[in-house]
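One letter stands for each residue in the lines below.
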Amino acid sequence: MKFDLCKVLDREGESDVVTEDVDLRAFRYRGVTPFREPVRMTARACNRAGVVSLDCDYRFTLFLTCDRCLTPFTKQVDQHSTHVVVRSLQNEEEDDYVVAPQGVVELDELATNDILLELPSKFLCREDCRGLCPVCGCDRNTTECGCPTASGDPRLDALNKFFEE
């Protein structure tokens, strides 16, 4: 979806708002498709003293599987990002600005970059998730299995035996 900012870029004090859905359902992240519904995006452009800021608010639901206990869960996310929009740059290596030479910003691309950069590297159903038992495989969040808890890293067992002698 294209957001025409020509009027906002050319007139100080001008503003514009657009609300659209961004479809990220085809996107795969770490082998899963976390987006099963479109992302709701509201973009507000405002020219203050000749500087055009583009405030983007995203609302979406992630459909995930916990990395510790393998339980499916959903997470409602509200995310905000702010960008400065310019028509051109003197230093092409500058990446702090959204460049819109024709005054048009591609919102799908902007939303994709904003959202994907903020996805967590680890998905947890809750912060204190206890995960699965390494011995019997039961979910420690719902069951106490009684398996002995291993102390230390099993790869260091040979070194531990050395010190026991």
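Scroll up to find the structure this text is about.
Before going into details, it helps to say that this report is about the structure given with it. Please read all numbers here as calculations on a predicted model, not as lab measurements.

Another aspect to go through is the pattern of salt bridges. Under the counting rule described, the total for this entry stands at 10 salt bridges. K2 is the salt-bridge partner of E106, the closest N and O atoms lying 3.1 Å from each other. Note that E106 is positioned in strand 7 (residues 104-106) and K2 in strand 1 (residues 2-4), a separation of 104 residues in sequence. Judged by its relative accessible area of 61%, K2 falls in the exposed class. Linking R130 and E144 is a salt bridge whose minimum nitrogen-to-oxygen distance equals 2.9 Å. Taken together, the positions of R130 in the loop between helix 2 (107-117) and helix 3 (157-164) and E144 in the loop between helix 2 and helix 3 put the pair 14 residues apart, joining distant regions of the chain.

So, about the nonpolar core. In this structure, L54, Y58, V85 and V105 are the most contacted members of the largest nonpolar core, which totals 36 residues. Here this core takes 7 residues from strand 4 (residues 51-65), the largest share from any one element. Those residues within four positions of V85 in sequence are excluded, and the remaining contacts are L5, L9, V52, L54, V98, A100 and V105.

By the burial criterion, the buried members of helix 2 are L107, L110, A111, D114 and I115. Projected down its long axis, helix 2 carries its buried residues within an arc of 115 degrees, all on one side. Among the exposed residues of helix 2, those oriented more than 90 degrees off its buried face are E109 and L117.

Tallied over the entire structure, the rule returns 4 aromatic pairs. Ring geometry for F35 versus F60: centroids 5.6 Å apart, planes at 55 degrees, classification tilted. Here the residue F35 occupies a position in the loop between strand 2 (15-22) and strand 3 (39-48), and F60 occupies one in strand 4, the gap between them amounting to 25 residues. Here F35 matches F60 in class, with each residue buried. Here the aromatic cluster, defined as three or more aromatic residues joined through ring pairs, consists of F27, Y29, F35, F60 and F123.

Rules used throughout
- Residues numbered from 1 in each chain as written.
- Predicted model: local features only at pLDDT ≥ 70, side-chain atom pairs only at ≥ 80, totals over all residues.
- Heavy atoms only, no water.
- Salt bridge = Lys/Arg side-chain N within 4 Å of Asp/Glu carboxyl O.
- Helix = DSSP H or I, 4+ residues; strand = E, 2+ residues; numbered from the N terminus.
- Buried < 20%, exposed > 50% of the residue type's maximum accessible area, 1.4 Å probe, protein only.
- Core = buried A, V, L, I, M, F, W, Y, C linked by side-chain atoms within 4.5 Å.
- Contact = heavy atoms within 4.5 Å.
- Arc of directions from axis to C-beta.
- Phe/Tyr/Trp six-rings, centres within 6.5 Å; stacked < 30°, edge-to-face > 60°.

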